[in-house]
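What follows is each chain in one-letter form.
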Amino acid sequence: FFSSRRRHTRLQGDWSSDVCSSDLQVAIVQTQGNPDCHVILRGGKSPNYDEAHVAAACKELEAAGLAPRLMVDCSHANSGKDPNRQPEVWKSILRQRREGNLHLIGAMLESHLQSGSQPLGPDPAGLKYGVSITDACMDWETTAALFKD
(Lines give C-alpha, C1' and ligand atoms only; values in the text may rest on other atoms or scores of the structure.)
Protein backbone atom coordinates (compact mmCIF):
# COMPACT_ATOMS: atom_id res chain seq x y z
CA PHE A 1 0.00 0.00 0.00
CA PHE A 2 2.60 2.51 1.06
CA SER A 3 4.89 1.59 -1.80
CA SER A 4 2.24 1.81 -4.51
CA ARG A 5 1.25 5.31 -3.36
CA ARG A 6 4.77 6.66 -3.92
CA ARG A 7 6.66 7.59 -7.08
CA HIS A 8 8.84 4.93 -8.63
CA THR A 9 11.66 5.12 -11.14
CA ARG A 10 12.52 2.22 -13.40
CA LEU A 11 14.27 1.39 -16.64
CA GLN A 12 12.08 0.59 -19.59
CA GLY A 13 13.35 -0.81 -22.82
CA ASP A 14 12.31 -2.58 -25.96
CA TRP A 15 13.37 -5.99 -24.69
CA SER A 16 11.95 -7.71 -27.77
CA SER A 17 15.13 -6.89 -29.68
CA ASP A 18 18.57 -8.33 -29.00
CA VAL A 19 19.74 -6.90 -25.66
CA CYS A 20 23.28 -6.65 -27.01
CA SER A 21 22.13 -4.78 -30.11
CA SER A 22 23.39 -1.22 -30.57
CA ASP A 23 19.88 -0.02 -31.48
CA LEU A 24 18.31 -1.03 -28.13
CA GLN A 25 16.19 1.86 -26.87
CA VAL A 26 16.13 2.34 -23.09
CA ALA A 27 14.44 5.08 -21.08
CA ILE A 28 14.14 6.03 -17.44
CA VAL A 29 10.45 6.13 -16.55
CA GLN A 30 8.93 7.70 -13.44
CA THR A 31 5.45 6.86 -12.18
CA GLN A 32 3.36 9.24 -10.11
CA GLY A 33 2.18 6.59 -7.68
CA ASN A 34 -1.41 5.56 -7.12
CA PRO A 35 -3.29 7.18 -4.22
CA ASP A 36 -6.44 5.15 -4.96
CA CYS A 37 -5.34 1.78 -3.61
CA HIS A 38 -7.56 -0.81 -1.98
CA VAL A 39 -7.20 -4.10 -0.15
CA ILE A 40 -8.62 -7.31 -1.62
CA LEU A 41 -10.06 -9.74 0.91
CA ARG A 42 -9.50 -13.21 -0.61
CA GLY A 43 -9.90 -15.28 2.51
CA GLY A 44 -7.11 -17.32 4.05
CA LYS A 45 -7.44 -20.30 6.33
CA SER A 46 -11.08 -19.27 6.49
CA PRO A 47 -13.35 -16.81 4.66
CA ASN A 48 -12.93 -13.11 5.52
CA TYR A 49 -15.87 -11.37 3.85
CA ASP A 50 -18.28 -11.20 6.81
CA GLU A 51 -19.03 -8.03 8.78
CA ALA A 52 -16.48 -8.76 11.51
CA HIS A 53 -13.59 -9.33 9.10
CA VAL A 54 -14.53 -6.32 6.99
CA ALA A 55 -14.71 -4.10 10.10
CA ALA A 56 -11.34 -5.41 11.34
CA ALA A 57 -9.68 -4.72 7.97
CA CYS A 58 -11.11 -1.19 7.91
CA LYS A 59 -9.88 -0.56 11.44
CA GLU A 60 -6.35 -1.69 10.51
CA LEU A 61 -6.30 0.51 7.41
CA GLU A 62 -7.51 3.54 9.36
CA ALA A 63 -4.91 2.90 12.10
CA ALA A 64 -2.23 2.99 9.39
CA GLY A 65 -3.57 6.30 8.07
CA LEU A 66 -4.98 4.70 4.92
CA ALA A 67 -8.40 4.95 3.35
CA PRO A 68 -10.53 1.92 4.27
CA ARG A 69 -11.39 0.71 0.76
CA LEU A 70 -12.00 -3.00 0.36
CA MET A 71 -12.78 -5.32 -2.51
CA VAL A 72 -13.91 -8.87 -1.82
CA ASP A 73 -12.86 -11.85 -3.90
CA CYS A 74 -15.96 -14.08 -4.00
CA SER A 75 -13.84 -17.01 -5.13
CA HIS A 76 -10.66 -18.57 -3.74
CA ALA A 77 -10.68 -19.08 0.04
CA ASN A 78 -13.84 -17.00 0.52
CA SER A 79 -15.81 -19.69 -1.31
CA GLY A 80 -13.61 -22.63 -0.39
CA LYS A 81 -12.65 -22.68 -4.11
CA ASP A 82 -16.17 -23.90 -4.84
CA PRO A 83 -17.71 -21.74 -7.57
CA ASN A 84 -21.20 -22.76 -6.41
CA ARG A 85 -20.57 -20.85 -3.15
CA GLN A 86 -19.67 -17.55 -4.85
CA PRO A 87 -23.31 -16.36 -4.89
CA GLU A 88 -23.41 -16.69 -1.07
CA VAL A 89 -20.36 -14.40 -0.77
CA TRP A 90 -21.78 -11.96 -3.34
CA LYS A 91 -25.10 -11.70 -1.51
CA SER A 92 -23.30 -11.00 1.77
CA ILE A 93 -21.37 -8.15 0.15
CA LEU A 94 -24.55 -6.67 -1.33
CA ARG A 95 -26.32 -6.92 2.01
CA GLN A 96 -23.45 -5.17 3.78
CA ARG A 97 -23.50 -2.37 1.19
CA ARG A 98 -27.27 -1.98 1.49
CA GLU A 99 -26.83 -1.74 5.25
CA GLY A 100 -24.51 1.23 4.73
CA ASN A 101 -20.96 -0.15 4.53
CA LEU A 102 -19.50 2.09 1.84
CA HIS A 103 -15.97 0.80 2.48
CA LEU A 104 -16.81 -2.18 0.26
CA ILE A 105 -16.01 -0.77 -3.16
CA GLY A 106 -16.23 -3.87 -5.32
CA ALA A 107 -16.20 -7.62 -5.72
CA MET A 108 -14.46 -10.16 -7.92
CA LEU A 109 -16.21 -13.20 -9.40
CA GLU A 110 -14.69 -16.19 -11.20
CA SER A 111 -16.97 -16.56 -14.19
CA HIS A 112 -16.86 -18.09 -17.65
CA LEU A 113 -19.35 -19.15 -20.31
CA GLN A 114 -19.68 -22.66 -18.88
CA SER A 115 -19.21 -23.78 -15.27
CA GLY A 116 -16.26 -25.72 -13.92
CA SER A 117 -12.72 -26.04 -15.17
CA GLN A 118 -10.66 -28.36 -17.33
CA PRO A 119 -6.97 -29.16 -17.69
CA LEU A 120 -5.21 -27.70 -20.72
CA GLY A 121 -3.78 -31.08 -21.69
CA PRO A 122 -1.47 -31.81 -24.61
CA ASP A 123 -4.08 -31.20 -27.34
CA PRO A 124 -5.95 -27.86 -27.17
CA ALA A 125 -8.38 -29.19 -29.80
CA GLY A 126 -9.84 -31.39 -27.07
CA LEU A 127 -10.89 -28.46 -24.91
CA LYS A 128 -14.57 -27.79 -24.25
CA TYR A 129 -15.64 -24.36 -25.49
CA GLY A 130 -16.24 -21.77 -22.79
CA VAL A 131 -14.81 -23.78 -19.86
CA SER A 132 -11.95 -22.33 -17.81
CA ILE A 133 -8.50 -23.89 -17.99
CA THR A 134 -7.50 -22.33 -14.65
CA ASP A 135 -9.76 -21.95 -11.61
CA ALA A 136 -13.25 -23.42 -11.59
CA CYS A 137 -15.85 -20.81 -12.53
CA MET A 138 -19.57 -20.14 -12.36
CA ASP A 139 -21.37 -20.25 -15.67
CA TRP A 140 -22.62 -17.09 -17.35
CA GLU A 141 -26.29 -17.69 -16.46
CA THR A 142 -25.44 -17.85 -12.74
CA THR A 143 -23.28 -14.73 -13.03
CA ALA A 144 -25.94 -12.75 -14.89
CA ALA A 145 -28.54 -13.67 -12.27
CA LEU A 146 -26.31 -12.20 -9.54
CA PHE A 147 -26.39 -8.81 -11.22
CA LYS A 148 -30.16 -8.74 -10.92
CA ASP A 149 -29.97 -8.81 -7.10
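Our subject in this report is the structure included herewith. All residue numbers refer to position in the chain's written sequence, counted from 1. Owing to the predicted nature of the model, reporting of local features is limited to residues with pLDDT of at least 70; listing and counting of side-chain atom pairs is limited to 80 or more, with chain, interface and lining totals taken over all residues. Side-chain figures throughout are based on the complete set of non-hydrogen atoms in the structure, without hydrogens or water.

1. Overview of helix H1 (residues 51–63)
The way it works is that DSSP assigns letters per residue, a run of H or I at least four long becomes a helix, a run of E at least two long becomes a strand, and they are numbered from the N terminus. Here, expected helix span is obtained from the residue count minus one, scaled by 1.5 Å. In this model H1 runs 18 Å from its N-terminal to its C-terminal C-alpha over 13 residues, within 8% of the 18 Å that 1.5 Å per residue would give. Along H1, the positions that sit buried rather than exposed are Val54, Ala57, Cys58 and Leu61. In an axial view of H1, the angular spread of the buried residues amounts to 100 degrees, which keeps them on one side of the axis. Exposed positions of H1 whose direction lies more than 90 degrees from the buried face are Ala52, Lys59, Glu60 and Ala63. Residues are treated as being in contact if the distance between any of their heavy atoms lies within 4.5 Å. Where H1 is buried, its residues touch strand S3 (39–41), strand S4 (70–73), helix H2 (86–98) and strand S5 (104–108). A positive backbone phi angle near 80 degrees is found at Gly65, which sits one or two residues after H1. The buried label applies to any residue whose accessible area, calculated with a 1.4 Å probe on protein chains only, is under 20% of its type's maximum; exposed applies above 50%, and partly exposed to all values in between. As used here, the arc is the angular range of directions from the helix axis to the C-beta atoms.

2. Structural notes on the packing of aromatic side chains
Two aromatic rings, drawn from Phe, Tyr or Trp (for Trp, its six-membered ring), form a pair once their centres lie within 6.5 Å of each other, and the interplanar angle then sorts them: stacked below 30 degrees, edge-to-face above 60, tilted otherwise. This structure, assessed with the given rule, holds one aromatic pair. Geometrically, the ring pair formed by Trp90 and Phe147 is edge-to-face, given 5.5 Å between the ring centres and 90 degrees between the ring planes. Of the two residues, Trp90 sits in helix H2 while Phe147 sits in the segment after helix H3 (140–146), which places them 57 residues apart along the sequence. Here Trp90 falls in the buried class, since its relative accessible area comes to 11%.

3. Remarks on H2
For H2, which comprises 13 residues, the first-to-last C-alpha distance of 18 Å matches the rise-based estimate of 18 Å (1.5 Å per residue) to within 8%. Buried residues along H2 sit in contact with H1, S4, S5 and H3. Looking one or two places after H2, you find Gly100, whose phi comes out positive at around 105 degrees.

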